[in-house]
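Secondary and tertiary structure notes
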Amino acid sequence: MKIIITREEAVQKGIWDKVMQMFGVDQDDDTYANEQFILTEEQAKELQLIA
């Protein structure tokens, strides 16, 4: 299973910092609110998006 989350959704859920670490995104990198990140099931569980 793959789960897609946008930057905006991650910010709203308060997990953007963790998503940035997972994908090697830096604060100085340009990202868009609708930029999508594809999470594995394990990553989604780690971020507590699914049980």
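Please read these numbers as outputs of a predicted model, since none were measured by experiment.

1. What to know about the pairing of strand β2 (residues 36–40)
Side-chain alternation along β2 places F37 and L39 on a buried face and Q36, I38 and T40 on a face that remains uncovered. Pairing of strand β1 (residues 2–6) with β2, which is carried by five bridges, proceeds in the antiparallel orientation. When the sheet's bridge partners are listed, I5 is paired in β2 with F37.

2. Quick look at the packing of aromatic side chains
One pass over the structure, following the stated rule, counts two aromatic pairs. Aromatic side chains F23 and F37 sit 5.2 Å apart centroid to centroid with 55° between the ring planes, which places their arrangement in the tilted category. In this pair, F23 sits in helix α2 (residues 16–23) while F37 sits in strand β2, placing the two residues 14 residues apart along the sequence. Clustering of aromatic rings is evident, with ring pairs tying together W16, F23 and F37.

3. Things to note about a negative patch on the surface
A surface patch of like charges, here negative, comprises D26, D28, D29 and D30. By the secondary structure assignment, D30 is in the loop between α2 and β2.

4. Some words on the environment of K18
Assignment of secondary structure puts K18 in helix α2. The class of K18 is partly exposed, set by a relative accessible area of 47%. Through-space distance from the C-alpha of K18 to that of E35 is 15 Å; in sequence the pair is 17 residues apart.

5. Things to note about the environment of K2
Mapping K2 onto the fold places it in strand β1. Residue class for K2 comes out exposed when judged on its relative accessible area of 69%. K2 sits 41 residues away from Q43 along the chain, and the two C-alpha atoms are 9.4 Å apart.

6. Considerations on the confidence of the model for the protein
Taken over all residues, the pLDDT of the protein has a mean of 96, while the share at 70 or more is 100%. Mean pLDDT values for the elements of the protein range from 96 in β1 up to 98 in β2.

Each value, and the rule that gives it
Residues numbered from 1 in each chain as written. Predicted model: local features only at pLDDT ≥ 70, side-chain atom pairs only at ≥ 80, totals over all residues. Heavy atoms only, no water. Buried < 20%, exposed > 50% of the residue type's maximum accessible area, 1.4 Å probe, protein only. Helix = DSSP H or I, 4+ residues; strand = E, 2+ residues; numbered from the N terminus. Pairing = 2+ DSSP bridges. Phe/Tyr/Trp six-rings, centres within 6.5 Å; stacked < 30°, edge-to-face > 60°. Patch = residues over 30% accessible without salt bridge, like charges linked within 9 Å, V, L, I, M, F, W, Y side chains within 5 Å. Areas by Shrake-Rupley, 256 points an atom, 1.4 Å probe, with all protein chains shown as cover. Salt bridge = Lys/Arg side-chain N within 4 Å of Asp/Glu carboxyl O. Lys, Arg positive; Asp, Glu negative; His and termini not counted. Charge placed at Lys NZ, Arg CZ, Asp CG, Glu CD. pLDDT = per-residue confidence, 0-100.

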